Amino acid sequence: MMSTSELDDHSRCIIHIDIDCFYAQVEMNKEPKLRSVPLGIQQKNIVVTSNYKAREFGIKKCMLIAEARKLCPDLVLANGEDLHDYRQTSYQVTNLLQRYSALVERLGLDENFIDVTTLVNEKVKQGGDLSVVGNVFGESSERCDCGCTRRLTLCTLVAQEIRDLIKSELNLTTCAGVAHNKLLAKLAGSRHKPNQQTVVFPNSALELMLSLSSLMSIPGIGRAMFEQLHKSDIKTVEDLQNTDFKKLETVTGSDKAHFIYNLSYGIDKTPVKPSGKPQSIGLEDACKSISVETEVKKKLEQLLHRLLVLVTEDGRVPKTIKLTVRKFDKDSKISHRETRQCNVNPSLFTSNQPNKDAKIMATVMHLFSRIIDPKKPYHITLLGLSFTKFQELPRNSIASFLRKDLEVQSVISIENQSAVEDASSSAPSTSNVAVEVESPTPSPKKLKLSLVSKKRCFREYEDCESPSKLKVAELCLDSVPCPPDADKDVFKELPWEVQKELWDDYKRKRPSEIFCSSQVKKSKPNTLLNYFIRNN
Ligand code: TTP
Ligand code: MG
C-alpha cells in the first residue's frame, strides 16, 4: 500500500461548504413558523429534502410523500418545484465566499469548494499558537511535517469564520470539510452534520477512504463506472486500491484508471475551478401527456415567463433560445427528447419592449413546429426552454470602438446614479449592456463607469446623425420582407433565420401573389455600403 504523503502534495488548503437541508432552510427563512414543525419539500410526489426535525422521524431525501406521511403524519409540506428562490440564495452564498478567494467552484446549488491557500499562507506568516476549530477526522495523532498541519489548522479557523458569515448574513447553517484536496474536504464535511465542520489531516486520508461503505461514496465515481468496476469484481475501496493497475486500465481506460486509483488513496489533484455564470439558463417541466397545441402553448408561456425572470436576474443578454420536447411513442413505449434552437433578437432583452413575451413565444412556437407535426397525433411528456448563449461584445468591432469612445467622454458628467439607471433601462443599444454584465464582480468604480456609458450611449444614439454614431444593433445586412398575413410587430422581432423561413414558406405557398402584389416589393439589401452612401 502506498503512503499518501510520499506521493501527494499537501500545499493547498481547500474548504468544502454544504448548506444544511438547503431547500428547507430557504423555506424556513421565508416563513419562520416552519422552523418549529417537521417540514418536507415536495416536488411532484416526492420529498426531495426535509428539515432536521422531520429527519428525526426517519424521513429521507427522495422518499415518496405517502411513505413520509406514514412516518410522520404531522409532516408539513412546502412546494419546492419553483427553484427561483433556491437559485438566488445559492448565488448569494457563492458571492459571499468570493470575498475569501477568487477560487470558488460551485457544485450543484448548495455546495461550493473554496481554495483559501493564499489567505492561509498569509496567516501562517503571522505565527502564534493554534488549535483546531471543530471536529478532526481519524484516530491517528501522527502529523506530517511539511507544514500542512499548521496550514490546515489555520484553515479550520477560516472555515469557521466563513460559516459564521453565511449564518449572520444569510441566516443559513452549513457544514464544512477542510483538507488539502477537494475529495477529502468533501468527504470530511459530511462526517458531522448539521452545522458542524471537520478537518482531515493527510495522515488520516487512507483511514477516511477505507471507511467508505461503497465505491459510489467516492465523488468522481458515478453509477456507470461503479457498475463497470462491480462487473470486474472491484467492489470496495480496498479492492480498488489492491487491483492490478494493468487490469484496471483494461476496465476503465488509462486516464480514468489513474484518476480513480488515486482517489481510492485519497489523492485528488484537480484544482478548484472558479465557476463563471452558468452557460445556459433553463427550465423544464415534466407532464403526464400533452397532445393539443393550446396546452403546449400555455405550458411554454408559463416556462418562458419564469425563465425571463431568471434571465433578468442573471443580467446577461441571451442570444439563443432552445426548446426541448420529450415525446412518448405509444407503439414502441419509448420516450425521447428532441431539441431545436435559434437566435433571438437581443434588443428584446435590453429595452422595455411591449409584448416581449408574445414576441419570444412566436419564435418558441416556430421551433415547436419544427419538432412536432401538429397534423399528426402526439404525446408530449416534458417541455423545456433555455437560453443557451449570451451576448459578448466582439473585440475590435464598431461597437467596441464606440463604447471606448463613449466611456472616455462620459466619466465627467455623473451626478445621480439612479437617474443613470433609469435612462439605461430604455437604452436601445444592446452591446453596451452586455459589456457591463459580463464582468462577474465589477468593482463599484467599474460598475459606475459602465452605467454611465449606457446613459451616454442612449443620448448619442438618439441624436444620431453621422455614421460614426450609427446604432450598432441596426446594422442589419439583409432584411426579410414581412408576409402580409403576419403581424408586423411580432415579425420584426423574430430572428433573421425565422423571418427568412416564414417568408420562404409564404413564397412557396403563394408565388403568384408575390409577383403581382404592388405592396410586396422585392427587398433592397440593406448593406453597410448603402448606409454610408445614404448618410453621406
Ligand atoms: P443535498 O445537499 O443532498 O441535501 P440538503 O442540503 O437538503 O441536506 P443536507 O443537510 O443533507 O445537506 O441537496 C441540496 C438540495 O438539492 C436539497 O435541499 C434539495 C435538492 N435535491 C433535489 O432536488 N433532488 C434530490 O434528489 C436531492 C438529493 C436534493
Ligand atoms: Mg446540503
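Quick note: structure is the one above.
Below is a short write-up of the structure. The shown structure was predicted, so the numbers you read here are calculated from the model rather than taken from an experiment.

**Some remarks on the nonpolar core**
Membership of the largest hydrophobic core comes to 40 residues, with the highest contact counts inside it found for Leu300 and Phe387. At the level of elements, β11 (281-290), α14 (293-314), β12 (318-329), α15 (347-350), α16 (356-371), β14 (380-390) and α22 (496-509) are the ones that each hand at least two residues to this core. Counting residues per element, this core draws most heavily on α14, which supplies 8 residues. Split by domain, the residues of this core number at least three in each of domain 2 (280-392) and domain 3 (406-426 + 449-531). Discounting residues that sit within four places of it in the chain, leucine 300 has contacts with Leu323, Met361, Val364, Met365, Leu383 and Leu385.

**Let's talk about the packing of aromatic side chains**
Evaluation of the coordinates by the stated rule reveals 7 aromatic pairs. A ring pair is formed by phenylalanine 245 and tyrosine 261, whose centres lie 5.4 Å apart and whose planes are at 65°; its orientation type is edge-to-face. Here the residue phenylalanine 245 occupies a position in helix α12 (residues 245-252), and tyrosine 261 occupies one in helix α13 (residues 254-264), the gap between them amounting to 16 residues. Owing to a relative accessible area of 21%, phenylalanine 245 belongs among the partly exposed residues under this scheme. Ring geometry for phenylalanine 368 and tyrosine 378: centres 6.1 Å apart, planes at 75°, overall edge-to-face. Here the residue phenylalanine 368 occupies a position in helix α16, and tyrosine 378 occupies one in the loop between α16 and β14, the gap between them amounting to 10 residues. The class of phenylalanine 368 is buried, set by a relative accessible area of 2%. Note that lysine 182 overlies the ring of phenylalanine 113, its terminal NZ or CZ placed 5.3 Å from the centroid.

Calculation criteria
- Throughout, a residue's number is its position along its own chain's written sequence, starting from 1.
- Working convention: letters from A go to chains and numbers from 1 go to ligands, in the order in which they are written.
- Totals for whole chains, interfaces and linings use every residue, but because this is a predicted model, local features are given only for residues with pLDDT of at least 70 and side-chain atom pairs only at 80 or more, for both listing and counting.
- Values reported for side chains reflect all heavy atoms of the structure, with hydrogen atoms and water molecules removed beforehand.
- For our purposes a nonpolar core is just a set of buried Ala, Val, Leu, Ile, Met, Phe, Trp, Tyr and Cys residues, chained together by side-chain atoms within 4.5 Å.
- When a residue's accessible area, from a 1.4 Å probe over protein chains only, is under 20% of the maximum for its type it is buried; when over 50% it is exposed; and in between it is partly exposed.
- Numbering of helices and strands runs from the N terminus, with a helix taken as a DSSP run of H or I at least four residues long and a strand as a DSSP run of E at least two residues long.
- Each domain's extent is set by a domain assignment, obtained either automatically or from a database.
- Contact between two residues is taken to exist if any of their heavy atoms lie within 4.5 Å; hydrogens are not considered.
- Side-chain rings of Phe, Tyr and Trp, where Trp is taken by its six-membered ring, are said to pair if the distance between their centres is within 6.5 Å; with planes under 30 degrees apart they count as stacked, over 60 as edge-to-face, and otherwise as tilted.
- A ring is considered to have a charge above it if a Lys NZ or an Arg CZ atom is located within 6 Å of its centre and within 35 degrees of its normal.

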